[in-house]
Every structure is written in C-alpha cells, then in structure tokens.
Amino acid sequence: MRRPGLLASTWVLFWKDLLLEWRSRARVNALVFFSLATLLLFSFALGPDTALLRRNAGGYLWLALLLSSVLALGESFRVERENSSLEGLRLVPVDTRSIFLAKGIANAVLLAALGVLLVPVLVALLDVRIVLSWGRLVTIIALGCLAIAAPGTLYGAIASHARARDVLLPLLLFPILIPALVAAAKGTALVFEGDPMTQFPSWIALLGSFDLLYWGLGFVLFPRVVEE
Amino acid sequence: MEMRMRRRLEIAAVLGTLGIFAYAAWTGLVWAPPDREMGDVQRIMYAHVPMVQMMLLSGTINFVCCVVYLFRASWKTDALAEASAETALVFGAIGTTLGAIWGRPTWGVYWAWDPRLTTVAILLVAYAGYMALRRFVDDPERRAVWSAVTGIIIAVDVPIIYFSVKWWKSLHQVQSTPRTVDPQMVYALRWNITAFFLVLIVFLVARYRIALAARLRETTVPEPAPGAQQVVA
Amino acid sequence: MMNALHSVLAAVGEGRIQGGWEYVKAAYAICWTGLALYAVSLWARRPREEPK
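It should be emphasised that the depicted structure is a prediction, and the values quoted were computed from it without experimental measurement.

## Re the overall build of chain B
Moving on, step 1. Across its full length, chain B holds six helices and zero strands.
Moving on, step 2. Moving toward the C terminus, one meets the helices and strands of chain B in the order α-α-α-α-α-α.
Moving on, step 3. Looking at chain B residue by residue over its 233 residues, the buried ones come to 49%.
Moving on, step 4. Taking contacts inside chain B between residues at least 6 apart in sequence as the whole, the part at least 24 apart equals 80%.
Moving on, step 5. Summed over all atoms, the accessible surface of chain B reaches about 11500 Å², with 66% contributed by carbon and sulfur.

Next up, the structure:
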C-alpha cells in the first residue's frame, strides 16, 4: 500500500473534520450561542456605557473566541476519543503530522468563522465601527484563530487522555496564549478605533511569529504526543 | 560506611548553605547602605532579584530536560524536569510576591505591569498547568512525554510573552530608572545570588530524589499491589 | 538664588523614601517562611526506603 503524501492526507483528514462538524451541526450551533452569550455577559457585567463597551470591543471578541475555543477543542477530541478514531488513524499508514495539520486547520477555520460571525453582533450591540479595512480585520481574525488552534490542538490531544481534562485544557492553554490574546485584541481594537500611530503592523508581526513558532512546534512534536 | 559518609557530606552541605544564606541576608539587611532614592525599602531587592533569577534558572533546567527527554528517554531526566518545574513554581511565586511588596512603596501600587515581573507571573501559571498535567496523567511514560512537550511549549513562549507585555504596556506609560549602583550593593547582591543558588541546588536535589523514587516505584511493580492504580491503556 | 537651589536640593534629598522597614520585614518574612515551608514539605515527602 502506497503511503499517501503529507498534503494529500492532510486534505482528506481536514475534510473529514469539517464533515464531522457539519453532520453534528447542533454542536456548532451551541458554540455560536455560547459565544453570543459571553458577549452579552461582558456587556451586562460592565453596564450600559456605550463608549466604554465600544472601546473594549476588541478584547470582548477575543475573550469570547478564547472561551469558545476551549469548548470546541475539547469537543473535537472527545469525538476522536470516544470512537477511538485516533487509534484507528494510526493503523492506517498515514503521517501523524497530517492529523495535527488537519485538526489544527479545521479548528482554526471553525474559530475564524465564529469570529467573523461575531463582528456584525459587535457592530449592532456595541456600536462598533470598522475604521480600518475589512481586510485587516479578517487578517487579524485569521492569524489569531491560527494562534489559538496550533497549541490548542496539541494540548487538546494531551488533555483528552488525562483525568480532569476539562480543567486541564484551559489551565495549559490560557497562560501560553496570553501574547496572542494581547496582540489579537490590540490589533482588533486598532481596526475598530483607528490607528494614528501605525501600530497595527507590529501586532500582526507579533501574532505572525507566534503562529510560525507554534505551528512549527506542533508539527514537530505532535507525533510524539499521540505515539503509543 | 559509604552511606554514612555521604549522609555527613549532605548535612555539611545543607549547613554550609544555611551559613552562606545567613551571611548574605546580613549583607543585604544590615551591611549594605540604603538606596539613594528608595531608602531601606530597596533592601527587598537582595531577596527579590535572586528569587526571580533562580526561577528563570529552574525554568531553563526544565526546558533542557524536556528537550533531552524527547531525544533520549530516561527517568532521571524526567525526574529532574519535575523537580525543576516545582522549584520554578516556588521561587517564582515568592519572587513575584516580593516584587509586588517592593512595588507598593516605590511605584505606589502592588502591581504596575512591569514586563519582566508580568512575564514571570504568566510563567508561574503556565508551570502550575505543567504540574497539574503531571498529576492528572497516570501512565508514567505518557506523562513524561506529554510534560516534556508542555515544558518546551512554555519555554519557547517566554520571549513572546515578554515583548507582548512590553508593547502592551508601552501604550500606557514607560518606566525607567537608570541609576549608578554602589559597589557595596553589588557585593551584597552577589552574595545573595550565591546563597539562593545554593538553596535552589539543595531543593532540586531533594525534589529530584523524591521524583526519581516515585518513578521507580511506579515502573517496577513486581505484582499488582492492592490499591495500586491500574493504568488504563 | 543659592538659597533657592539649596532648598531644591534639600527637597530632592527628602525625596528618598523614608522608613519602609515594614515592607522589608514583610518581604523577608514571606521569603523565609515560604522557603522554610517548602523545605519542610520536601522533608515530609522524602523517599522512605532506598530505591533498589
């Protein structure tokens, strides 16, 4: 049997993950409503001061995404564990690294879609305006979701086989994501508030290096995480 | 006979460490002059700076052990990784507390989001996660590999955390106090760094033995002892 | 003029934080107690029998 190439198997596994998400639409829906609920809660916790809420909108968006990501990552590995499908995948002569790439990209796509979905809500609810371009907003959302997904997938694979996994995943993930959260929230705030001192590129650079580092690390380390 | 010699040497090493620690504390608390601007409050530095440095040293040891373990698995490396993560947690927790106490009279607030102090605080939470992971995985081999991966992930984050906090804070205010340092202060600080380094070594050796003994107990069970935790594959 | 300068310099001299020993005491107490407690915990957890 010919061993499929890294990219080919990644592609197949990626579609498998997306198909799974699509078939279990109820889960995705729950995720959407969870993130909406968090946005509402942030607003209620701070009171109806529109100016304040608008100024903090970037932070709320990323906190909502971060909290949802823990649920999404936990779910995506719960499915694998309950069906022992990671063990099944290991029986197939497939490069384990493609499991990481496929799962990571699928998680990033799911989160990015959630992020884009939340933007109109922010506009309606918090009176946010897109001062810079939509392109920059999409860039920062994409880079930020990639930043959550790479270490998230690695830790999700680890935590799903540990005891107390629901506590463990955020405990492992949140501290190391702080730089990504800072960069993504600041970048998003600049998109909403305007960028008179052109700080946007430096936050993109910070987020980009975070992405490069953790996608590289995950690519190298993931086979060790799932090995027997 | 050999055992007793070793035992005595160990006791001598601990006593020597305590003596140097006491002398260093004296240089910092009594012998060194008060700071020109911060007065006697600055004496906190002689404990705070070494504590944070030893935390970073522990983190470095942990990182090296994690990398080495992935290339060449050994219970000794794993035990040292566990020991260094815990000492990093202890020294970091006390060190940041001292920094906060120092911040109160000098900056007016306990926490001024100083980039270095904040980086250490974030690392603390990260190592707390590392220790939790070690506790929540029962299979020793998986625990070793997974915690090695986690240790590497934490360590490579350090420069990014530092820069992100620095940039994040620079939007609000910049704080810098360039000062000339009294040679007596340098002397006292050197002694304190030496003292805390020796304390770290003592702690590391003790914790390493605990971890190694636990590993050997976990991995060499002749027959399943009653009440022993079964590892579910 | 010189008087004014002197008074300014004196004021700068007073700018040094006075006292503050209570902070130093608290800091060293926390440091030593913390390290001592950790040492005790290490002692309590020491391996009982020599690993074979």
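Back to the text.
## Side note on the confidence of the model for chain A
Fine structural detail should not be taken from predicted coordinates in areas where pLDDT scores are low.
Moving on, step 1. Put simply, chain A has an average pLDDT of 87, and 96% of its residues get 70 or more.
Moving on, step 2. The secondary-structure element of chain A with the lowest mean pLDDT is helix α5 (residues 85-91) of chain A, recorded at 69, while helix α7 (residues 134-159) of chain A shows the highest, at 93.

## Topic: unusual backbone geometry
Moving on, step 1. Here the phi dihedral of Ala 164 of chain A falls at roughly 55 degrees; this positive angle occurs in a residue that is not glycine.
Moving on, step 2. As for its placement among the helices and strands, Ala 164 of chain A is situated in the loop between α7 and α8 (165-193).
Moving on, step 3. Exposure remark for Ala 164 of chain A: the relative accessible area of 34% places this residue in the partly exposed category.
Moving on, step 4. For Trp 113 of chain B, which is not glycine, the phi torsion reads 55 degrees and is therefore positive.
Moving on, step 5. With a relative accessible area of 43%, Trp 113 of chain B lands in the partly exposed category.

## Side note on the interface of chain C and chain B
Moving on, step 1. Listed as interface residues are 24 residues of chain C and, on the opposing side, 36 residues of chain B.
Moving on, step 2. At the junction of chain C and chain B, the tally comes to one salt bridge.
Moving on, step 3. Glu 86 of chain B is the partner of Arg 45 of chain C in a salt bridge, and the nearest nitrogen-oxygen pair spans 2.7 Å.
Moving on, step 4. Put simply, chain C and chain B have four residue pairs in polar contact (both at pLDDT 80 or more) between them.

## Digging into the packing of aromatic side chains
Moving on, step 1. The full count for this structure, using the stated rule, is 21 aromatic pairs over all chains.
Moving on, step 2. Lying over the aromatic face of Tyr 110 of chain B, Arg 104 of chain B brings its terminal NZ or CZ to 5.3 Å of the ring centre.
Moving on, step 3. Cation over ring: Arg 46 of chain C sits above Trp 43 of chain C, and NZ or CZ is 4.2 Å from the ring centre.

## Comments concerning helix α1 (residues 2-31) of chain B
Moving on, step 1. Taking 1.5 Å as the rise per residue, α1 of chain B with 30 residues should run 44 Å; its terminal C-alpha atoms sit 41 Å apart, in good agreement.
Moving on, step 2. Those residues of α1 of chain B not exposed but buried are Thr 17, Phe 21, Ala 24, Ala 25, Thr 27, Gly 28 and Leu 29 of chain B.

## What about the environment of Tyr 208 of chain B?
Residues and elements named next belong to chain B.
Moving on, step 1. Its location among the elements puts Tyr 208 in helix α6 (residues 183-219).
Moving on, step 2. For Tyr 208, a relative accessible area of 23% translates into the label partly exposed.
Moving on, step 3. When the C-alpha atoms of Tyr 208 and Asp 78 are compared, they prove to be 9.2 Å apart, with 130 residues separating the residues in sequence.
Moving on, step 4. The contacts of Tyr 208, once residues within four sequence positions are left out, are Lys 76, Ala 79, Leu 80 and Ala 83.

## Quick look at the interface of chain B and chain A
Moving on, step 1. At the interface, 31 residues of chain B touch 30 residues of chain A.
Moving on, step 2. Applying the counting rule to chain B against chain A returns one salt bridge.
Moving on, step 3. A salt bridge links Asp 138 of chain B to Arg 163 of chain A; the shortest N-O distance between them is 3.0 Å.
Moving on, step 4. If you look at where chain B meets chain A, you find seven residue pairs in polar contact (both at pLDDT 80 or more).
Moving on, step 5. By residue number, the principal contributor to the side of chain B that touches chain A is helix α5 (residues 140-170) of chain B, which donates 16 residues.
Moving on, step 6. The residue makeup of the side of chain B that touches chain A, split by class, is 23 nonpolar, four polar and four charged.

## What about the state of the cysteines?
All names here are of chain B.
Moving on, step 1. Under the criterion given, the structure shown has zero disulfides over all chains.
Moving on, step 2. Just so you know, Cys 66 is unpaired, no disulfide at all, and the nearest cysteine sulfur is the one on Cys 65, 6.9 Å from it.
Moving on, step 3. Cys 66 gets classed as buried once you look at its relative accessible area, which sits at 1%.

## Considering helix α9 (residues 200-226) of chain A
Moving on, step 1. Helix length check: α9 of chain A (27 residues) gives 38 Å between terminal C-alpha atoms against 39 Å at 1.5 Å per residue, within 8%.
Moving on, step 2. Of all the bends in α9 of chain A, the largest measures some 40 degrees and sits at Val 220 of chain A, one to four residues before the proline Pro 223 of chain A.

So, how was this worked out
Residues numbered from 1 in each chain as written. Chains lettered and ligands numbered in written order. Predicted model: local features only at pLDDT ≥ 70, side-chain atom pairs only at ≥ 80, totals over all residues. Heavy atoms only, no water. Helix = DSSP H or I, 4+ residues; strand = E, 2+ residues; numbered from the N terminus. Buried < 20%, exposed > 50% of the residue type's maximum accessible area, 1.4 Å probe, protein only. Contact = heavy atoms within 4.5 Å. Areas by Shrake-Rupley, 256 points an atom, 1.4 Å probe, with all protein chains shown as cover. pLDDT = per-residue confidence, 0-100. Salt bridge = Lys/Arg side-chain N within 4 Å of Asp/Glu carboxyl O. Polar contact = N/O pair within 3.5 Å; in protein donor to acceptor, adjacent residues only side chain to side chain. Phe/Tyr/Trp six-rings, centres within 6.5 Å; stacked < 30°, edge-to-face > 60°. Lys NZ or Arg CZ within 6 Å of the ring centre and 35° of its normal. Expected span 1.5 Å × (residues − 1). Nonpolar A, V, L, I, M, F, W, Y, C, P; charged D, E, K, R; others polar. Disulfide = S-S within 2.5 Å. Bend = angle between axes of the 7 residues up to and from the residue.

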